[in-house]
Amino acid sequence: MKEAIAPARKIIVVSNRLPFTIERENGAIQFKASAGGVATGLKSLLDGMQGFLVPRPEYLWVGWPGGAVAADERAQIQARALSEFRSHAVFLSEQDFDNFYEGFCNKTIWPLFHYFPQNATYDENYWRQYVRVNEVFAESLLEVVGPEDILWVHDYHLMLLPELLRKQRPHLKIGFFLHIPFPQFEIYRLLPARWRRALLEGLLGADLVGFHTHDYMEYFLRCVQRVIGFKHSVGHVRVGSRGVRVGAFPMGIDFKKFNAAARSPEGTKKKEELKKSFGENKVIVSVDRQDYSKGILHRLQGFEAMLERAPEWHHRVILLMIVVPSRIGIQDYEGMKQRIEELVGKINGRFGAIDWVPIIYHYRSVPFETLAAVYSMSDVALVTPLRDGMNLVAKEYIACRGDGTGVLILSEMAGAAKELAEALIVNPNHRDEIADALKTALEMPAREQIRRNRVMQNRLRRADVAHWAMDFIRELVSKESAETAEARPLTPAARAGILRHYQRSSRRLLLLDYDGTLAPFVSQPALARPSAELLELLRRLAADPRNEIALVSGRSRATIEEWFGGLSIGLVAEHGAWMRDVGKPWELIKPVSASWKAKLLPMLKAYADRVPGTSVEEKEFSIVWHYRNAAPERGAHAASELSDDLLAFTANIDVHVVQANKSVEVRSAGIHKGVAAAHWLGQGGFDFVLAAGDDRSDEDIFGILPERAYSIRVGQRPSRARFSLPAPADVLELISRLANRGEREALTPPADRPIYH
Ligand code: ADQ
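These numbers were taken from a predicted model, which means no experiment stands behind them.

Cut-offs applied
- Residues numbered from 1 in each chain as written.
- Predicted model: local features only at pLDDT ≥ 70, side-chain atom pairs only at ≥ 80, totals over all residues.
- Heavy atoms only, no water.
- Helix = DSSP H or I, 4+ residues; strand = E, 2+ residues; numbered from the N terminus.
- Buried < 20%, exposed > 50% of the residue type's maximum accessible area, 1.4 Å probe, protein only.
- Contact = heavy atoms within 4.5 Å.
- Areas by Shrake-Rupley, 256 points an atom, 1.4 Å probe, with all protein chains shown as cover.
- Near = heavy atom within 4 Å.
- Polar contact = N/O pair within 3.5 Å; in protein donor to acceptor, adjacent residues only side chain to side chain.
- Nonpolar A, V, L, I, M, F, W, Y, C, P; charged D, E, K, R; others polar.
- Domains from an automatic or database assignment.
- Pairing = 2+ DSSP bridges.
- Axes fitted to C-alpha atoms, helices over the stretch in contact; angles between N-to-C directions.
- Buried area = accessible area lost by both parts, 1.4 Å probe.
- Salt bridge = Lys/Arg side-chain N within 4 Å of Asp/Glu carboxyl O.
- Expected span 1.5 Å × (residues − 1).
- Disulfide = S-S within 2.5 Å.
- Left-handed = near helix turned anticlockwise from the far one by under 90°.
- pLDDT = per-residue confidence, 0-100.

## Examining the overall build of the protein chain
A tally of regular secondary structure across the protein chain gives 25 helices and 30 strands. When the backbone C-alpha atoms are referred to their principal axes, the protein chain occupies close to 110 × 60 × 50 Å. Counting all 757 residues of the protein chain, 57% fall into the buried class. Of the contacts made within the protein chain by residues no fewer than 6 positions apart, 72% connect residues no fewer than 24 positions apart. Working note: accessible area of the protein chain is about 31,400 Å², and carbon and sulfur atoms make up 52% of it.

What follows is the structure in structure tokens.
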């Protein structure tokens, strides 16, 4: 749903680099507009937003303008940044640059997140500087951010920023987008424990965390589950009283711009000129920033293998390789450049002739118009990164194919492969696979090329960069992302209202949870036997003919029967699997299978053996691992790990894995307390309904109650309940008042009663 954004609202884009760089020429400061994936994408967003998402677009870009700046130059730079680029500069020192940018960003996160753990450095100084720079960004932002503004933070340089801002401005709308892959847990865990937790917590400070693909999103959620213990429900993570949404937003390109550039008269002219210089040869293009993640050496080897295996293509094909100097992956920067150049020389030496050089290599950035012309005159694009968040080059190539011909060879390790399935998809590590794909591409009939490209072009035209940005911002401001409210504390006035209502009513339903609601938690589940006072209280409530009482528990049928079987109240065991109406035998709520139990029990038992102070409880339709008595850190950690194992292991069977109060429970699906509560509510005619519970399983009851019912959650947490009470003692106090009031007023005739349906 489209949400209108008030005109006064600014969109603040935050990224490490601003869309311009300051450079010094003869001592004077020059402003140079800079390009690049993110910068280009964001610029299109901001331009594309005019009059669409915001009636009068107001935005500000916050980031580092590059270079070191003296204190007395800052005011002047800040003024120009604002007037010429709508930007606010965050100034970083040389030390920041070394330890933050070249250090933690590019020697720790970049290699690790691109699955190059062997290139990753874990240096405490880098980490400290990373924290510091994120703090500097937070401080700078607080100078310019208004309460209604929307913040969109970009990329791996600023992963701590959302939480830092959240602490200062709890109600700010903050979105975060990661442009690089998010790795699987086994890679992510290579980070020292403190850092790995802090980074995730940093990201969870946002309202919305976006990735290019569902895979990255899933890996992130899994890391959150394993490292912090927060589970998600369809991409929603609950963090204290806030909800954080996680989504996939594949970034597009400015399709129209590339497409038009390639078709324009100047573009066509440039293309023809270029084409002429290559003669009759077919052209394979390769365009990258210089980085080990881009797989440039592997690509060259693939081309070499093709020349070895297909001599018929000698003198008929040229690889045009354009590599842009880049500071990312700086570690082996010179070494890598040298290796590329050596391999190019070797291949050219081995296969070339006086009248044919197989590889033309350029080590430079090329202007946009030239790039578009290169794409449009190349018969094949060879895009084979070893790992890439998305890869825009692949999309740009397709956009520039005006007549629909051209073959894209794309690495399956690039996020873009998810959207560009009509390309020839290859494993970039395998030279023979690249060689085969090259041969197939060179020989593919034009009709087939056009068929594939039209499908991709239509997709890319629709899902362009403006669409990406608007999708993200829309999701960020949508109602659904609003915080889930906590239940209101039950005030004396509200309590008096409940008592009055109870007193006036003639048919009442009380749905009560036991552990944590009527009785405090104890160290061993078996020790939580109800006190004589509680049993007496329930007996008194049940004795009132106007009352229907149901004890809705997660405990086993045997325990509930033993403890409460003597009372004239309804009983529910195992979260609703078993039910007993007053005076009737226990019934299964619906036929369920528990054949999975035998398979999962050993898993839980292994955790019980491994983690001191934990135990396994077996019920008829569920099994529970309790860790209340374990060392808190150890218990919580193992609980996340166990839930994660169980979730993966039970993906294909019909069970729920629930992390509740100091326990992890697996139970048959389709059974929950809400089903049991519905059984009683279904009897109809109640004019007073009250439900009390303390954990997530009780939320299923709260969710189905009629609007005017009283729902009470024990403890201050986000809940569907109307009210909250601090502890079981307060619930007991409330219901004993109800009992007293009922007994005292038994003879008072009721008046003006609402009837629930
Ligand atoms: P990058 O790693 O920079 O971006 P990519 O998506 O390919 O990778 O974007 C590179 C951009 O630079 C393209 O727009 C391309 O046209 C341009 N470019 C490349 N070579 C050039 C040259 N020689 N001259 C001029 N321009 C050149 C990061 C992630 C990616 C993700 C993007 C966007 O690493 O995975 O796709 O962000 O989220």
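## Some words on the site of the ligand
In the vicinity of the ligand, 23 residues are found, and the nearest of them are His179, Arg289, Asp388, Met390 and Glu396. For the ligand, an oxygen atom lies 3.0 Å from a polar atom in the backbone of Gly389. Here an oxygen atom of the ligand sits 2.8 Å away from a polar atom, N or O, in the main chain of Asn391. Considering the ligand on its own, with 710 Å² of exposed area, one finds that the protein chains cover 89% of that surface. Within the residue set of the shell around the ligand, elements represented by two or more residues are strand E12 (282-289), strand E13 (317-324), helix H13 (368-377) and helix H14 (392-399). In terms of residue class, the shell around the ligand is made up of eleven nonpolar, six polar and six charged. There are two domains that each give the shell around the ligand at least three residues, and those are domain 1 (36-56 + 92-248) and domain 2 (256-462).

## Considering the sheet that holds strand E17 (residues 424-426)
With parallel pairing, the six strands of this open sheet are ordered in space as E14-E13-E12-E15-E16-E17. Here the strands that pair on one side only, and so sit at the sheet edges, are strand E14 (359-363) and E17. Strand-to-strand twist of the sheet, defined as the mean angle between neighbouring strand axes without regard to direction, takes the value 20 degrees. Alignment of E12 against E13, held across eight bridges, turns out to be parallel. When the bridges of E13 are listed, Lys282 appears paired with Val317. The strands touched by H14 within the sheet are E12, strand E15 (380-383) and strand E16 (407-411), with E16 carrying the most contacts at an inclination of about 170 degrees.

## Comments concerning the domain arrangement of the protein chain
Each assigned domain of the protein chain is listed here: domain 1 (36-56 + 92-248), domain 2 (256-462), domain 3 (486-590 + 671-744) and domain 4 (597-668). The C-alpha centroid of domain 4 is placed 26 Å from the C-alpha centroid of domain 3. Domain 3 puts 20 residues into the contact, and the matching count from domain 4 is 13 residues. Of the roughly 1,400 Å² buried between domain 3 and domain 4 on both sides combined, carbon and sulfur atoms contribute 46%. At the junction of domain 3 and domain 4, the tally comes to one salt bridge. Between Glu620 and Arg557 there is a salt bridge, with the nearest N and O atoms lying 3.0 Å from each other.

## Examining the side chain of Asn453
Among the secondary structure elements, Asn453 is positioned in helix H16 (residues 446-462). Within the structure, the side chain of Asn453 is placed 2.7 Å from the backbone oxygen of Gly406, a separation counted as a polar contact. Look past the residues within four positions of Asn453 in its chain and what remains in contact with it is Ile398, Gly404, Thr405 and Gly406.

## Brief notes about the environment of Leu567
Residue position: Leu567 is located in the loop between helix H20 (557-564) and strand E21 (570-573). Overall, the relative accessible area of 13% leaves Leu567 in the buried class. Along the primary structure Leu567 and Tyr126 are separated by 441 residues, whereas in three dimensions their C-alpha atoms are 65 Å apart. Filtering out sequence-adjacent residues up to four positions away, Leu567 remains in contact with Leu535, Leu538, Arg539 and Arg580.

## Things to note about helix H22 (residues 632-649)
For H22, with 18 residues, the first-to-last C-alpha span of 25 Å sits near the 26 Å given by 1.5 Å per residue. Where H22 is concerned, the buried positions are Gly635, Ala638, Ala639, Ser640, Glu641, Leu642, Ser643, Asp644 and Leu646. Its buried side turned inward, H22 meets helix H8 (214-228), helix H21 (597-610), strand E25 (622-626), strand E26 (655-660) and strand E27 (663-668).

## What to know about the sheet that holds strand E5 (residues 87-89)
Taking strand neighbours across the sheet as the criterion, the nine strands line up as E5-E4-E1-E6-E7-E8-E11-E10-E9 in an open arrangement whose pairing is mixed. Edge positions in the open sheet fall to E5 and strand E9 (232-233), since each of these has one partner strand only. Inspection of the sheet shows strand E10 (residues 236-239) paired to strand E11 (residues 242-248) by four bridges, in the antiparallel sense. Bridge pairing in E11 links Arg238 to Gly243. Running over the sheet, H8 touches strand E8 (208-211), E9, E10 and E11 and is turned about 145 degrees from E11. Against the sheet, helix H17 (residues 465-477) touches strand E1 (11-17), strand E6 (150-154), strand E7 (173-177), E8 and E11, its axis set at about 125 degrees to E6.

## Observations concerning the state of the cysteines
Under the criterion given, the structure shown has zero disulfides. Left unpaired, Cys105 is separated from the closest cysteine sulfur, that of Cys223, by 19 Å. Taking the relative accessible area as the measure of exposure, Cys223 reaches 0% and is therefore buried.

## A look at the packing of helix H18 (residues 492-504) against helix H25 (residues 728-744)
Two elements in contact, H18 and H25, have axes separated by 9 Å at closest approach and are oriented at 35 degrees. The two elements H18 and H25 meet at a crossing, and its hand is right-handed. Residues Arg495, Ile498, Leu499, Arg500, Tyr502 and Gln503 of H18 touch H25, and the partners they reach there are Glu733, Leu734, Arg737, Leu738, Arg741 and Gly742. For the contact of H18 with H25, the class distribution of residues is five nonpolar, two polar and five charged.

## What to know about the confidence of the model for the protein chain
The share of residues in the protein chain with pLDDT of 70 or more is 92%, and the mean pLDDT across the chain is 89. When the criterion is pLDDT under 50, residues 1-7 qualifies, and its contacts beyond four places in sequence or with other chains add up to 14 contacts. The low-confidence segment residues 749-757 (pLDDT under 50) makes 22 contacts with residues lying over four places distant or belonging to another chain.

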